[in-house]
Amino acid sequence: MLAGLFVATPQLSAQSLRPGPDGVTLIVRPRVGDLLRLQMEQTIEMSGRRTQSSVPPVGSGTGIDGRRAGGTLPPASKSPDYGPRRARASLRVTKLVMYAHSLVEASDLTSTTLLATTDSMAMWAGTAAEQARPEMLPLPADGRQVRVRVTPDGAMRVSDPPPGAMELGATLASMPALLPEHAVQVGERWVRDIVLPSLPVSGYRADGVVRTRFRLDSLTQGGRSAWISMEGELRRDGAARELPAGTRVVTAGTVRGTMVLDRLRAWIVDARTVIDVQSEVTPGPAEAAQPMLLDLRIVQRIRIR
C-alpha cells in the first residue's frame, strides 16, 4: 500500500554501467522489494595513561597554538605523539557482531524507505589479554525494527525510532552523506564531513567532526563495482563541559577506509573503516593530577548481500 504512493525509479542496466564522457554517477537507490542482508563487525579499543603535559596550562599566557604573548613558542612545548600506539596500558576492548536485514518498502527520486530489522547481536568486553567469544544479547520485541529514510548520496535517518531501538537504529542514524552530488571520473576526489561517534571515555565524551576526502579508485566488473577510498583528520582544542573548569582537551585523530558500491543494485555492499583518536586531558590549575593520554580505536566492517 505504501509503495504504491511512490513513483517507480529508473535503475542502471548492465549495458549502462560503463563510464560516459562525464564519468559515472554514484547513487544509493535500491529497487522496491529488494532484501538487503547486513553483517556488521565492530571492535572498540580504549586505553589511557598518565603523562607529562604537552599542552600549556590555562592562564599561562599562551594561545591556542602554544605561543606566548610575545609571539614565541615556549621551549619545552612539544606536540603529543598522536596516532595508534604499539603498547597501550590498560587496554579495554569491546567487540560487537550484528546481523540484520532491510526490506525496501518505497522509493522515489529523492529518497528510499527501508524497514530495517535486527536479527541477532552478540557482544564481548574485557581486556586485550582475555580471549572469549561474544555472547548473544537479548533483543527487545519493541526495539528490533526501525524505518530508515535513505537519500541518493547515502545519508540515512531513522524515522520515529521506538524507545528500545537497537544498535542497528543507532548505526543507521549516524550515517552521513558519503557520495558525490555529481558524476565523477576514476581518480576524482570529493570532500564530506563525518561526525565521529560520541563515546564515553574516562569521564568525558570523545567526539568531533572529520573533514574526509573520498576518491573513486577504480571500476570493476564492467563498471558495476565502484571502489572508493577515504581518509581524513580530526583536530580539536578546547574545554569539555563534562570536566572541571579550566580543564583542557586536545584531540587529534584519523579516519581511513574503503567501500564498494554495487551500481547495479544501487547500494554500498562493503565498507571497512578504521578510526584512531587520541586526546590529552590537562587538568585545570586547581587539580593536582597529571595529564591523561586517552587512545581510542574503532574498527568496523559492514557487508551487505
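Criteria and thresholds
- Residues numbered from 1 in each chain as written.
- Predicted model: local features only at pLDDT ≥ 70, side-chain atom pairs only at ≥ 80, totals over all residues.
- Heavy atoms only, no water.
- Helix = DSSP H or I, 4+ residues; strand = E, 2+ residues; numbered from the N terminus.
- Buried < 20%, exposed > 50% of the residue type's maximum accessible area, 1.4 Å probe, protein only.
- Contact = heavy atoms within 4.5 Å.
- Areas by Shrake-Rupley, 256 points an atom, 1.4 Å probe, with all protein chains shown as cover.
- Polar contact = N/O pair within 3.5 Å; in protein donor to acceptor, adjacent residues only side chain to side chain.
- Core = buried A, V, L, I, M, F, W, Y, C linked by side-chain atoms within 4.5 Å.
- Salt bridge = Lys/Arg side-chain N within 4 Å of Asp/Glu carboxyl O.
- Pairing = 2+ DSSP bridges.
- pLDDT = per-residue confidence, 0-100.

Trainee: I'd love a proper account of the overall build of the protein, names of residues and values included.
Mentor: Regarding its fold elements, the protein presents one helix and twelve strands. Put simply, the protein runs from its N terminus to its C terminus through helices and strands in the order β-β-β-β-β-β-α-β-β-β-β-β-β. Looking at the protein as a whole, 44% of its 305 residues are labelled buried. Taking contacts inside the protein between residues at least 6 apart in sequence as the whole, the part at least 24 apart equals 62%. In the form shown here, the protein has an accessible surface area of approximately 16300 Å², with 55% of it arising from carbon and sulfur atoms.

Trainee: Which residues make up the environment of arginine 303, and what values do they have?
Mentor: Within the fold, arginine 303 resides in strand E12 (residues 292-304). You can call arginine 303 partly exposed: its relative accessible area is 29%. In this structure the C-alpha to C-alpha distance between arginine 303 and isoleucine 268, which are 35 residues apart in sequence, comes to 8.4 Å. Contact partners of arginine 303, with chain neighbours within four places excluded, come to Arg37, Leu38, Gln39, Glu41, Val269 and Asp270. At 3.2 Å, the side chain of arginine 303 and the side chain of glutamate 41 are in polar contact.

Trainee: Tell me about the nonpolar core, and please be specific about residues and values.
Mentor: With 37 residues, the main nonpolar core has Leu26, Val148, Phe214, Ile228, Met259 and Trp267 as its most contacted residues. Among residues more than four places away in sequence, those in contact with isoleucine 228 are Leu26, Leu179, Trp190, Phe214, Arg215, Leu216, Asp217, Gly257, Thr258 and Met259. Of all hydrophobic cores here, the second largest spans eight residues; its members include Ile44, Val210, Leu296 and Ile298.

Trainee: Give me the pattern of salt bridges: which residues, what numbers.
Mentor: Taken as a whole and assessed by the stated rule, the structure comprises twelve salt bridges. Its salt-bridge partner being aspartate 270, residue arginine 301 comes within 2.8 Å of it at the nearest N-O pair. Here aspartate 270 lies in strand E11 (residues 267-282) and arginine 301 lies in strand E12, a separation of 31 residues in the sequence. A residue is classified by how much of its surface remains accessible, and aspartate 270, at 15% relative accessible area, is buried. One network of salt bridges, in which partners are shared, links Arg213, Glu231 and Glu233.

Trainee: If you had to explain unusual backbone geometry to someone new, which residues and values would you point to?
Mentor: Despite not being glycine, glutamine 221 shows a phi value in the positive range, around 55°. On the secondary structure map, glutamine 221 appears in the loop between strand E8 (204-220) and strand E9 (225-238). What makes glutamine 221 exposed here is its relative accessible area of 61%.

Trainee: An account of the pairing of strand E3 (residues 112-127) is requested, with residue identities and associated values reported.
Mentor: Regular strands have side chains that alternate between both faces of the sheet. The buried count for E3 comes to twelve of 16 residues, which makes it a mostly enclosed element. Taking the residues that link successive antiparallel strands as the turn, the strand E2 (residues 92-107)-E3 hairpin has four residues. Looking at chain direction, E3 and strand E4 (residues 135-136) are connected through two bridges and run antiparallel. Across the sheet, the residue bridging to alanine 122 is methionine 136, located in E4.

Trainee: Go over the confidence of the model for the protein, please, and point to the residues and values.
Mentor: Here the protein averages 77 in pLDDT, while 68% of its residues score no lower than 70. Mean pLDDT across the secondary structure elements of the protein bottoms out at helix H1 (residues 167-173), with 53, and peaks at E2, with 93. Across residues 1-10, where pLDDT falls below 50, the model places 14 contacts with residues more than four positions away in sequence or in other chains. Under a pLDDT of 50 for its full length, residues 55-89 has, in the predicted model, 53 contacts with residues more than four places off or in other chains.

Trainee: Tell me about the side chain of serine 107, and please be specific about residues and values.
Mentor: Inspection of the secondary structure puts serine 107 in strand E2. In this structure serine 107 comes out as buried when scored by relative accessible area, which is 3%. Within the structure, serine 107 has its side chain in polar contact with the side chain of threonine 112 (distance 3.2 Å).

Trainee: An account of the pairing of E11 is requested, with residue identities and associated values reported.
Mentor: When you tally the buried positions in E11, you get 15 out of 16 residues, the bulk of the element. In this structure, strand E10 (residues 248-262) lies alongside E11, joined through 15 bridges in antiparallel fashion. Its bridge partner lying in E11, arginine 256 is registered against valine 274. Linking two consecutive strands that pair antiparallel, namely E10 and E11, is a turn of four residues; a positive phi of about 60° is found at alanine 266 within it.

Trainee: Please give an account of the environment of arginine 248 that cites residues and values.
Mentor: Structurally, arginine 248 can be placed in strand E10. Judged by its relative accessible area of 13%, arginine 248 is buried. In this structure the C-alpha to C-alpha distance between arginine 248 and proline 291, which are 43 residues apart in sequence, comes to 9.5 Å.

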